[in-house]
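# Inside the fold
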Amino acid sequence: IKTIGHTLFACFFGALLVLALISSPKTFTGRIFASSRLSFFGRYSYALYVFHVPILFFNLGRFLPLDLVPTLFGSLLLKKLVFVSSATAVSVALAMTSWHLYEKQFLKLKKFFPYQSPESRLAPARPATTPVFSPPPLSPASRDVATIEG
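Here's a quick rundown of the structure. (Residues numbered from 1 in each chain as written. Predicted model: local features only at pLDDT ≥ 70, side-chain atom pairs only at ≥ 80, totals over all residues. Heavy atoms only, no water.)

### A look at helix H5 (residues 77-107)
Threshold: We define the bend at any residue as the angle between the axes fitted to the seven residues before and including it, ending there, and the seven starting there. The way it works is that DSSP assigns letters per residue, a run of H or I at least four long becomes a helix, a run of E at least two long becomes a strand, and they are numbered from the N terminus. The contact criterion used throughout is that any non-hydrogen atoms of two residues lie within 4.5 Å.
Approximately 45 degrees is the largest bend angle found in H5, and it occurs at tryptophan 99. At its buried positions, H5 is contacted by helix H3 (36-43) and helix H4 (45-57).

Here it is as structure tokens:
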């Protein structure tokens, strides 16, 4: 049952990805996928991916006074929500700091490596006999001379 559940989970998110790619920005789903919140997390997603595991390994709970958070009807849900919210806030803060101090500096180097579209890379090379510059157009007087001589 775990295998089927994981497969269905993967198929669901694959279908969601296809929906995001084919949705027009004018539709409801297109507006959701183009939202500024998703763009925000998209910009910092790599650093979030990198930093979330060390934050969990570092055991943020040691520094949070989770004992002060009351239990509701014997449930630890509120404590878990406080922990997840705090860990998310720390991860986002580290991700933003990392992006602005580190990643953005490397993105500035893109100006030294111009992008070539796949079409321009696959275009056949110009034959050596083709002139790089075409001759200037003939004036009406020179056309008359060319027709008389020819």
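### So, the nonpolar core
Burial of nonpolar side chains together is a common tendency in soluble globular proteins. Defined as follows: By convention a nonpolar core is built from buried Ala, Val, Leu, Ile, Met, Phe, Trp, Tyr and Cys residues, the set being connected through side-chain atoms within 4.5 Å. The classification of residues rests on relative accessible area computed with a 1.4 Å probe and restricted to protein chains. Under 20% of the type maximum is buried, over 50% is exposed, and intermediate values are partly exposed.
Counting residues in each nonpolar core, the largest one holds six residues, listed as Tyr44, Ala47, Leu48, Val92, Ala95 and Trp99. At the level of elements, H4 and H5 are the ones that each hand at least two residues to this core. Per-element accounting of this core gives the leading share, three residues, to H5. When near neighbours in sequence (up to four residues on either side) are disregarded, leucine 48 contacts Phe41, Ser91, Val92 and Ala95.

### Quick notes on the packing of aromatic side chains
Put simply, the rule is: Stacked, edge-to-face and tilted labels apply to pairs of Phe, Tyr and Trp rings (six-membered ring for Trp) whose centres lie within 6.5 Å, assigned for plane angles under 30 degrees, over 60, and everything in between, in that order. By definition here, charges over rings are those cases where NZ of Lys or CZ of Arg is within 6 Å of the ring centre and within 35 degrees of the ring normal.
Enumeration according to the criterion identifies seven aromatic pairs in this entry. On the numbers, 5.0 Å between centres and 75 degrees between planes, the contact of phenylalanine 12 with phenylalanine 13 is edge-to-face. Overall, the relative accessible area of 42% leaves phenylalanine 13 in the partly exposed class. Taken together, a centroid distance of 5.1 Å and an interplanar angle of 65 degrees make the contact between tyrosine 102 and phenylalanine 106 edge-to-face. Taken together, the residues tyrosine 102 and phenylalanine 106, both in helix H5 and four residues apart, mark about one turn of the helix. In this structure tyrosine 102 comes out as exposed when scored by relative accessible area, which is 52%. Every member of this aromatic cluster is reached through a ring pair, and the members are Phe40, Phe41, Tyr44 and Trp99. One cation-aromatic arrangement involves arginine 43 over tryptophan 99; the distance from NZ or CZ to the ring centre is 5.0 Å.

### What about a nonpolar patch on the surface?
The criterion, for reference: Patch criteria: residues need more than 30% relative accessible area and no salt bridge. Like-charged residues are merged within 9 Å; nonpolar side chains of Val, Leu, Ile, Met, Phe, Trp and Tyr are merged within 5 Å. Note on areas: these come from Shrake-Rupley sampling with a 1.4 Å probe, and a residue is covered only by the protein chains present in the view. A side-chain nitrogen of Lys or Arg and a carboxyl oxygen of Asp or Glu constitute a salt bridge if their distance falls within 4 Å.
A surface patch of nonpolar side chains, about 930 Å² in accessible area, is lined by Phe9, Phe12, Phe13, Leu16, Leu17, Val18, Leu19, Leu21 and Ile22. Note that leucine 21 resides in helix H1 (residues 2-22). Owing to a relative accessible area of 68%, leucine 21 belongs among the exposed residues under this scheme.

### Regarding the environment of valine 50
Position of valine 50 among the secondary structure elements: in helix H4. Considering only alpha carbons, one finds valine 50 and leucine 94, 44 residues apart in sequence, at a separation of 9.9 Å.

### Quick word on the side chain of serine 91
Looking at the secondary structure, you find serine 91 in helix H5. Beyond its immediate stretch of four places on either side in the chain, serine 91 contacts Leu48, His52 and Ile55.

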